[in-house]
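Listed here are the chains, written in short residue letters.
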Amino acid sequence: MEKRITNPWKWQNERGYVQAIEVTKPEATLYISGQTAIDANGISSNADMKTQLTLTIENLEKVIKEAGYECKNIVRLNMYTTSTDELFTCFDVFLNWIAVHNIKQASTLLEVKSLFETLKIELEVTVVK
């Protein structure tokens, strides 16, 4: 697999994404359903945004690893949140996570009216191998 990033500007670097990523010769592609802060028993978290973001990332990593992929090969990440204001108070959690894994992904962030039950953040990704 080969990845090529296109970034005509530099401002997106501080925001944790790239403008475009081209993947050629992939071995396989994994499309992951939106992951949230739901525990192993299917119980939705009612914690604050930072806690939910951390749990959501942990759940996402678990799915990626169990499928035999690596976080560093996430090429698309969509974020859905019930409050961008609240998300940005702990956005460093997300930025640190992508830095640790050297993730360079195309992204979309949407504020939505609600998510399932008490959830505040959902991450949906595409990973290549």
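Preceding this section is the structure that the text describes.
Before going into details, it helps to say that this report is about the structure given with it.

Reading the values: rules and limits
Residues numbered from 1 in each chain as written. Predicted model: local features only at pLDDT ≥ 70, side-chain atom pairs only at ≥ 80, totals over all residues. Heavy atoms only, no water. Buried < 20%, exposed > 50% of the residue type's maximum accessible area, 1.4 Å probe, protein only. 1 Å grid on protein atoms, 1.4 Å probe; cavity = no way out; pocket = protein on both sides within 12 Å on 5 of 7 lines; lining within 4 Å. Points joined across faces, edges and corners; volume = space filled by probe spheres on them. Nonpolar A, V, L, I, M, F, W, Y, C, P; charged D, E, K, R; others polar. Pairing = 2+ DSSP bridges. Helix = DSSP H or I, 4+ residues; strand = E, 2+ residues; numbered from the N terminus. Axes fitted to C-alpha atoms, helices over the stretch in contact; angles between N-to-C directions. Contact = heavy atoms within 4.5 Å. Polar contact = N/O pair within 3.5 Å; in protein donor to acceptor, adjacent residues only side chain to side chain. Arc of directions from axis to C-beta. Expected span 1.5 Å × (residues − 1).

1. Details of unusual backbone geometry
Here is step 1 of the chain: One non-glycine residue, lysine 25, lies in the positive phi region at around 55 degrees.
Here is step 2 of the chain: Residue class for lysine 25 comes out exposed when judged on its relative accessible area of 63%.

2. Focus: the layout of surface pockets
Here is step 1 of the chain: As a volume, the largest pocket reaches approximately 200 Å³.
Here is step 2 of the chain: Asn13, Gly16, Ile98, Ile103 and Lys104 are, among the 13 residues lining the largest pocket, the residues nearest its centre.
Here is step 3 of the chain: Of the residues that constitute the lining of the largest pocket, the class distribution is six nonpolar, five polar and two charged.

3. Quick word on the sheet that holds strand S6 (residues 121-128)
Hydrogen bonding along the main chain pairs the strands of a sheet, whether they run parallel or antiparallel.
Here is step 1 of the chain: Reading across the sheet, the four strands line up as S3-S6-S4-S5 and stay open at both edges, with mixed pairing between neighbours. With partners counted over all chains shown, the strands left at the sheet margins are strand S3 (29-35) and strand S5 (106-111), one partner each. Strand after strand, the sheet turns through a mean of 5 degrees between neighbouring axes, direction not considered.
Here is step 2 of the chain: Here strand S4 (residues 74-81) pairs with S6 via seven bridges, running antiparallel. By the bridge assignment for S6, tyrosine 80 is matched with glutamate 122.
Here is step 3 of the chain: Together, S3, S4 and S6 form the strand contacts of helix H1 (residues 49-66), whose direction differs from that of S6 by roughly 25 degrees.

4. So, the environment of glutamine 19
Here is step 1 of the chain: Mapping glutamine 19 onto the fold places it in the loop between strand S1 (2-6) and strand S2 (20-24).
Here is step 2 of the chain: If sequence neighbours within four positions are ignored, glutamine 19 has contacts with Thr6, Asn7, Pro8, Trp9, Trp11 and Gln12.
Here is step 3 of the chain: One polar contact links glutamine 19 to glutamine 12, side chain to side chain, over a distance of 3.3 Å.

5. What about helix H3 (residues 91-101)?
Here is step 1 of the chain: Among the residues making up H3, those that are buried are Phe91, Val93, Phe94, Trp97 and Ile98. Buried residues along H3 cover an arc of 160 degrees about the axis, so they all sit on one side. In H3, those exposed residues whose orientation departs by more than 90 degrees from the buried face are Ala99 and Val100.
Here is step 2 of the chain: As for H3, its buried residues are in contact with H1, S4 and helix H2 (84-88).
Here is step 3 of the chain: Positive backbone phi, approximately 55 degrees, marks asparagine 102, located one or two places after H3.

6. Regarding H1
Think of an α-helix as 3.6 residues a turn; residues three or four steps apart then line up on the same face.
Here is step 1 of the chain: Here H1 is 18 residues long and its end C-alpha atoms lie 26 Å apart, about the 26 Å a rise of 1.5 Å per residue gives.
Here is step 2 of the chain: Turning to H1, its buried residues are Met49, Gln52, Leu53, Thr56, Ile57, Leu60, Glu61 and Ile64.

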